[in-house]
Amino acid sequence: MKKISILIIFTIIINISQINLSYWEAQTMSDLTWYSLYQERVTKFCSEYKINDSNSEIIYLIWKDDQFLNLDTDTSWKYKSWNDVELAKTQYRKNMDGIYDCATKVSYYRWLKTIKKDLINKNASLKSRLEPKLDAKIFEIEKSIAENSNKCKITSEKNNSIIKKSILKQTTYELCKYNFYLEYLKSFNENISTLKEWDNKNESTPINSILKKEIEKKSLIQKEIDDSYKVYPIAFKAYSEYENNITIHILLELLREDYNLLREWLHKSINPINQVVYKISNAMSK
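Let me sum up the structure you'll find in this document. (Residues numbered from 1 in each chain as written. Predicted model: local features only at pLDDT ≥ 70, side-chain atom pairs only at ≥ 80, totals over all residues. Heavy atoms only, no water.)

1. What to know about the overall build of the protein
When helices and strands are counted, the protein shows nine helices and zero strands. In sequence order, the secondary structure elements of the protein are arranged as α-α-α-α-α-α-α-α-α. A burial count over the protein gives 38% of its 286 residues as buried. For the protein, the share of sequence-separated contacts (at least 6 apart) that also reach a separation of at least 24 residues comes to 85%. Here the protein has roughly 17100 Å² of accessible surface; of this, 55% comes from carbon and sulfur atoms. (Helix = DSSP H or I, 4+ residues; strand = E, 2+ residues; numbered from the N terminus. Buried < 20%, exposed > 50% of the residue type's maximum accessible area, 1.4 Å probe, protein only. Contact = heavy atoms within 4.5 Å. Areas by Shrake-Rupley, 256 points an atom, 1.4 Å probe, with all protein chains shown as cover.)

2. Considering the nonpolar core
Among the nonpolar cores identified, the biggest contains 56 residues, and Y38, I120, I167, Y181, Y184 and L185 are the most heavily contacted of them. Among the secondary structure elements, those contributing two or more residues to this core are α3 (34–46), α4 (84–118), α5 (124–146), α6 (164–188) and α8 (207–257). A total of 13 residues in this core trace back to one element, the largest contributor, which is α4. Those residues in contact with L185 that lie beyond four places of it in its chain are L71, D84, V85, A88 and I221. (Core = buried A, V, L, I, M, F, W, Y, C linked by side-chain atoms within 4.5 Å.)

3. What about the pattern of salt bridges?
According to the stated counting rule, one finds 15 salt bridges in the structure shown. A salt bridge links K151 to D66; the shortest N-O distance between them is 2.7 Å. Remark: D66 occurs in the loop between α3 and α4 and K151 occurs in the loop between α5 and α6; sequence separation between them is 85 residues. Put simply, E224 and R93 hold a salt bridge, and the shortest N to O gap is 2.9 Å. Within this pair, whereas E224 is found in helix α8, its partner R93 is found in helix α4, the two being separated by 131 residues in sequence. (Salt bridge = Lys/Arg side-chain N within 4 Å of Asp/Glu carboxyl O.)

Okay, here's the thing in structure tokens:
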């Protein structure tokens, strides 16, 4: 399972590593500029990562208010303080944190429901002693999600407990959008008027100071692009390992609550698997 997860991560990184300005500029030949160009690139090149097929589900909803801001038309005070990169960084991390926080809750919740249905409810002794504990955990997750605008979809028509494919696609889509948005910020900050100090006391800024600001800003943006690509596989690998091990964690919690009842069930379930492993090992040693 871990080898498969690592292979998935490696494959997707190879694909998205091609998303850079020089590569796409040669492909688009677009007449659009700034934010309109950013939107076009997202539509053309990020769409392959957007969840729109029957094999995946959207776990976390990204609403209109969660999108990156259009600096072309918005001239509010926030963007007059050299704060555009920080605002973009904050929004991106908010989106990614929301996806992963939701994913951990969804996976945990659905496995709790599955274990309750397939294990607890089929054993009268387990049901009477452990069902209240499971119900309490299930209710706790439902309450937590309800208190956060219900953007996290813990139930759906699929209700799959293994959702890493959906999470991989959704986080990759967000990374793709973010990369193009940062490239948009590079272009936006090449405009001399956007590089001037917005404080009324500094209406006439020397050209060398403006050019220095441009270099600093581009360097800051490029660093953020590099950092986002470094963090992306680390975050997904951490979640993948969580999903791989959450069922074991739940069963160990139940085992601690009622060791004697679960010991016999685990023995009956795991022992046949162990025998297969021993037989394979013996066969290979001959």
